[in-house]
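# Report on the structure
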Amino acid sequence: MLFLAEPEYARFAAGLLRKPTEKGPSGTAANLLGVRLPVLRKLAGRLAKQDWRENLEALSAHIQAAKENDKADICFEEVMLWGFLTGQGKVERDLTLQEQFAYIRSFVPYMDNWSLCDSFCAGLKFTREFPAQTWAFLQPYFGDGREYAVRFSVVMALTYFVTGEYVDSLFEVFDRIRHEGYYVKMAVAWAVSVCYVKFPEKTMHYLDNNRLDDFTYHKALRKITESRCVSQEVREEMRRRCR
């Protein structure tokens, strides 16, 4: 994978993955080669066409073994490739839905930054075919103690479940989340803003009757004002609420 790396891009990307409370990147982000995500997606596609299951299990076993042996050289791109390859599996062709859930369950503990989480979620397009089953699968993650496991559930929610059937359930879930992680709060704020764009009246009612903490509530208002899909009048209303 080194021949695909761009050192200058690696320095740029590492800055984006640095947590607000840290001076520099940590976890897999501290070992970033600089391979761009579209390149990794194409590589995952090629590996899937060769032998999806064999390549997925070989890659995941390699990363899991490295972690168990306390090797600090697991790079961001290896884990991202694992995530992308997981999403390449075709349910009912390559595997059953329960097998897909098992592969996802194995990957979740290895997400240690927002990019691994969000990019992984974007690739799980099978969710559109099995919404009820996936919604049920996600429920334990909303109350998980791990920051990126909770973010995973919220990003899955905002990506696939901001629909007429699920939007009311989303508001109930957001009110139950009590994790203090920065990237959980930011994900919930982002999700509320997506809900507002698609269901403004329902979301406004929720904003008037929510149980979000103050940080998440105000970040949600800010994200709504930043949306290109809302009017100037709405932006002014959200700014008024921020005061």
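Preceding this section is the structure that the text describes.
Predicted model only: the values in this text are computed from it and were never measured.

What follows is about the overall build of the chain. Within the chain one finds 12 helices and zero strands. When its helices and strands are written in sequence order, the chain yields α-α-α-α-α-α-α-α-α-α-α-α. Compactness check: the chain gives a C-alpha radius of gyration of 19 Å against a globular reference of 18 Å for 243 residues, within 12% of the reference. Seen along its three principal axes, the alpha-carbon backbone of the chain occupies a region of about 50 × 45 × 30 Å. In the chain, which comprises 243 residues, the proportion classed as buried is 50%. In the chain, the share of contacts with a sequence separation of at least 24, taken over all contacts with a separation of at least 6, comes to 73%. Just so you have it, the chain exposes about 12,500 Å², and 51% of that area is on carbon and sulfur atoms. For the chain, the centre of its 34 positive side-chain charges and the centre of its 32 negative side-chain charges are spaced 5 Å apart.

Before going further, it helps to examine the packing of helix H10 (residues 200–208) against helix H12 (residues 232–242). Relative orientation of the contacting elements H10 and H12 amounts to 10°, with a least axis distance of 13 Å. Taken together, H10 and H12 sit at an angle that is classed as roughly parallel. Residue-level inspection shows Met 204, Leu 207 and Asp 208 of H10 in contact with H12, the latter providing Glu 237, Met 238 and Arg 241. Classifying every residue of the contact of H10 with H12 gives three nonpolar, no polar and three charged.

Moving on: the packing of helix H8 (residues 167–176) against H10. Each pair of packed helices can be summarised by the angle the axes make with each other and by the distance between the axes. Orientation of H8 relative to H10, taken along the N-to-C sense of each, is 25°, at an axis distance of 11 Å. Compared by their axis directions, H8 and H10 come out roughly parallel. As for the relative orientation of H8 and H10, their crossing is right-handed in sense. Taken together, the residues of H10 that come into contact with H8 (itself represented by Val 167, Asp 168, Phe 171, Phe 174 and Asp 175) are Lys 202, Thr 203 and Tyr 206. Split into classes, the residues belonging to the contact of H8 with H10 amount to four nonpolar, one polar and three charged.

Mapped onto the fold, Leu 221 is located in helix H11 (residues 214–226). Taking the C-alpha atoms as reference points, Leu 221 and Cys 242, separated by 21 residues in sequence, lie 7.0 Å from one another. With residues near it in sequence (within four places) discarded, Leu 221 still touches Leu 207, Met 238, Arg 241 and Cys 242.

Glancing now at unusual backbone geometry. Positioned with a positive phi, Glu 92 is a non-glycine residue whose angle comes to about 75°. Residue Glu 92 is classed as exposed on the basis of its relative accessible area, which comes to 67%.

Within this structure, the stated rule accounts for 11 salt bridges. Between Arg 93 and Asp 94 there is a salt bridge, with its nearest N and O atoms 2.9 Å apart. When the shortest N-O distance is used, the salt bridge between Lys 202 and Asp 168 registers 3.3 Å. Of the two residues, Lys 202 sits in helix H10 while Asp 168 sits in helix H8, which places them 34 residues apart along the sequence. Under the relative-accessibility criterion, Asp 168 is labelled partly exposed at 40%. Connected via shared salt-bridge partners are Asp 208, Glu 237, Arg 240 and Arg 241.

What follows concerns the side chain of Ser 153. Inspection of the secondary structure assignment puts Ser 153 in helix H7 (residues 147–160). Owing to a relative accessible area of 0%, Ser 153 belongs among the buried residues under this scheme. If sequence neighbours within four positions are ignored, Ser 153 has contacts with Leu 138, Tyr 141 and Phe 142.

The next thing to look at is the packing of aromatic side chains. One pair of aromatic rings is described through two measures. These are the centre distance and the angle between the planes. In total, this model carries 19 aromatic pairs according to the counting rule given. Summarising the aromatic geometry, the rings of Trp 82 and Phe 107 are spaced 5.1 Å apart at their centres and angled 90° between planes, so their arrangement reads as edge-to-face. Of this pair, Trp 82 sits in helix H3 (residues 76–87) while Phe 107 sits in helix H4 (residues 97–107); the two residues are 25 residues apart in sequence, bridging distant segments of the chain. Considered together, Trp 82 and Phe 107 belong to a single accessibility category, that of buried residues. Ring centres of Phe 171 and Phe 174 lie 6.5 Å apart, and the angle between their planes is 65°; this geometry places the pair in the edge-to-face category. Residue Phe 171 and its partner Phe 174 are both found in helix H8; the two are separated by three residues, about one turn of the helix. Judged by relative accessible area, Phe 171 falls into the buried class, the value being 7%. Accessibility expressed as a relative area gives 1% for Phe 174, which makes it buried. Joined through ring pairs, the aromatic side chains of Trp 82, Phe 101, Phe 107, Tyr 110, Phe 120, Phe 126, Phe 137, Tyr 141 and Phe 152 make up one cluster. Across the ring face of Tyr 9, the terminal group of Arg 36 is positioned such that the distance to the ring centre comes to 4.2 Å. Here Lys 67 stacks its cationic end above the ring of Tyr 110, 4.5 Å away from the centre of that ring.

Before going further, it helps to spend a moment on helix H5 (residues 114–122). Within H5, seven of the nine residues are buried, which leaves it mostly tucked inside the rest of the structure. Summarising the contacts, the buried residues of H5 are in contact with helix H2 (37–68), H3, H4, H7 and helix H9 (182–198).

Reading the values: rules and limits
Residues numbered from 1 in each chain as written. Predicted model: local features only at pLDDT ≥ 70, side-chain atom pairs only at ≥ 80, totals over all residues. Heavy atoms only, no water. Helix = DSSP H or I, 4+ residues; strand = E, 2+ residues; numbered from the N terminus. Rg over C-alpha atoms; globule rule 2.2 N^0.38 Å. Buried < 20%, exposed > 50% of the residue type's maximum accessible area, 1.4 Å probe, protein only. Contact = heavy atoms within 4.5 Å. Areas by Shrake-Rupley, 256 points an atom, 1.4 Å probe, with all protein chains shown as cover. Lys, Arg positive; Asp, Glu negative; His and termini not counted. Charge placed at Lys NZ, Arg CZ, Asp CG, Glu CD. Axes fitted to C-alpha atoms, helices over the stretch in contact; angles between N-to-C directions. Parallel < 35°, antiparallel > 145°, perpendicular 65-115°, else oblique. Nonpolar A, V, L, I, M, F, W, Y, C, P; charged D, E, K, R; others polar. Left-handed = near helix turned anticlockwise from the far one by under 90°. Salt bridge = Lys/Arg side-chain N within 4 Å of Asp/Glu carboxyl O. Phe/Tyr/Trp six-rings, centres within 6.5 Å; stacked < 30°, edge-to-face > 60°. Lys NZ or Arg CZ within 6 Å of the ring centre and 35° of its normal.

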